[in-house]
Amino acid sequence: YGAAIVAKVETGVASNSTPGRLEFHTTASSSNDATERVRITSSGKVNVGDTQMSQNIFNIEDGTAAALDIASHGTGGDTAYIGVKKSDGGGLTIGISNRDIIFKTGATYNSGTVFDSGNEKVRITSAGSMGVGTDTPDRKLDVSGTGNVYGKFQSTNTTGAGIEVKDISEDWLIQADGGSLDGLA
């Protein structure tokens, strides 16, 4: 057959319980056999492109270990995330945990995305503070690290670049304005 939608009973059948799933099969142009492309489980999880079901809500794989996962876990469902990977052992995870937005790299992927792994790079708290290199920012922008920590503001032309620090009574500007002198204005 060229394509099919198949309904199957999953394991765990008991009195008053018959869990089922849907499988969507298509046949490639160079084949006579249909291959499962999409599965929807009895718990509502969706897997696209791979028959190995992950524990994620939604999983897309292309057969070369590249994947996009959408998942939720944690006590009371306090964590939800999107994971993007190219191969086992590395990837990017963007998630929400306890109302903070978190960006991680190097997440581990074994049987689905694991949000608790990887290295947190940036956190935006529910209070609006942003931490780079820290998961507990105590300022609107908190950049932390070991050794020398530098920031860079660079203009692509000669109009200048700078940092302005301002409150209602003072205005400080550190700038490079394309002239012959760098310094404070």
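Residues numbered from 1 in each chain as written. Predicted model: local features only at pLDDT ≥ 70, side-chain atom pairs only at ≥ 80, totals over all residues. Heavy atoms only, no water.

*Asks:* Pulling in residues and values, what's your account of the pairing of strand β2 (residues 20–27)?
*Replies:* Pairing of strand β1 (residues 3–9) with β2, which is carried by seven bridges, proceeds in the antiparallel orientation. If you follow Val6 over to β2, its bridge partner there is Glu23. In terms of strand pairing, β2 meets strand β3 (residues 34–40) through six bridges, oriented antiparallel. Pairing of Phe24 across the sheet is with Val38, part of β3. (Pairing = 2+ DSSP bridges. Helix = DSSP H or I, 4+ residues; strand = E, 2+ residues; numbered from the N terminus.)

*Asks:* Give me the lowdown on the side chain of His25, citing residues and values where you can.
*Replies:* Along the chain, His25 turns up in strand β2. His25 gets classed as buried once you look at its relative accessible area, which sits at 11%. (Buried < 20%, exposed > 50% of the residue type's maximum accessible area, 1.4 Å probe, protein only.)

*Asks:* I'd like to hear about the environment of Thr158, residue by residue, with values.
*Replies:* Its place among the elements puts Thr158 in the loop between β12 (141–143) and β13 (161–166). C-alpha separation for the pair Thr158 and Ala176, spaced 18 residues apart in sequence, amounts to 8.9 Å.

*Asks:* A description of a negative patch on the surface should follow, citing residues and the corresponding values.
*Replies:* Together, Glu164, Asp167, Glu170 and Asp171 make up a region of like negative charge exposed at the surface. With respect to the helices and strands, the residue Glu170 is situated in the loop between β13 and β14 (171–176). (Patch = residues over 30% accessible without salt bridge, like charges linked within 9 Å, V, L, I, M, F, W, Y side chains within 5 Å. Areas by Shrake-Rupley, 256 points an atom, 1.4 Å probe, with all protein chains shown as cover. Salt bridge = Lys/Arg side-chain N within 4 Å of Asp/Glu carboxyl O. Lys, Arg positive; Asp, Glu negative; His and termini not counted. Charge placed at Lys NZ, Arg CZ, Asp CG, Glu CD.)

*Asks:* Tell me about the environment of Met130, and name the residues and values.
*Replies:* Positionally, Met130 belongs in strand β11 (residues 130–132). Owing to a relative accessible area of 31%, Met130 belongs among the partly exposed residues under this scheme. For Met130 and Ile101, which are 29 residues apart along the polypeptide, the C-alpha to C-alpha distance reads 9.4 Å. Look past the residues within four positions of Met130 in its chain and what remains in contact with it is Val122, Arg123, Ile124, Pro137, Arg139, Lys140, Leu141 and Asp142. (Contact = heavy atoms within 4.5 Å.)

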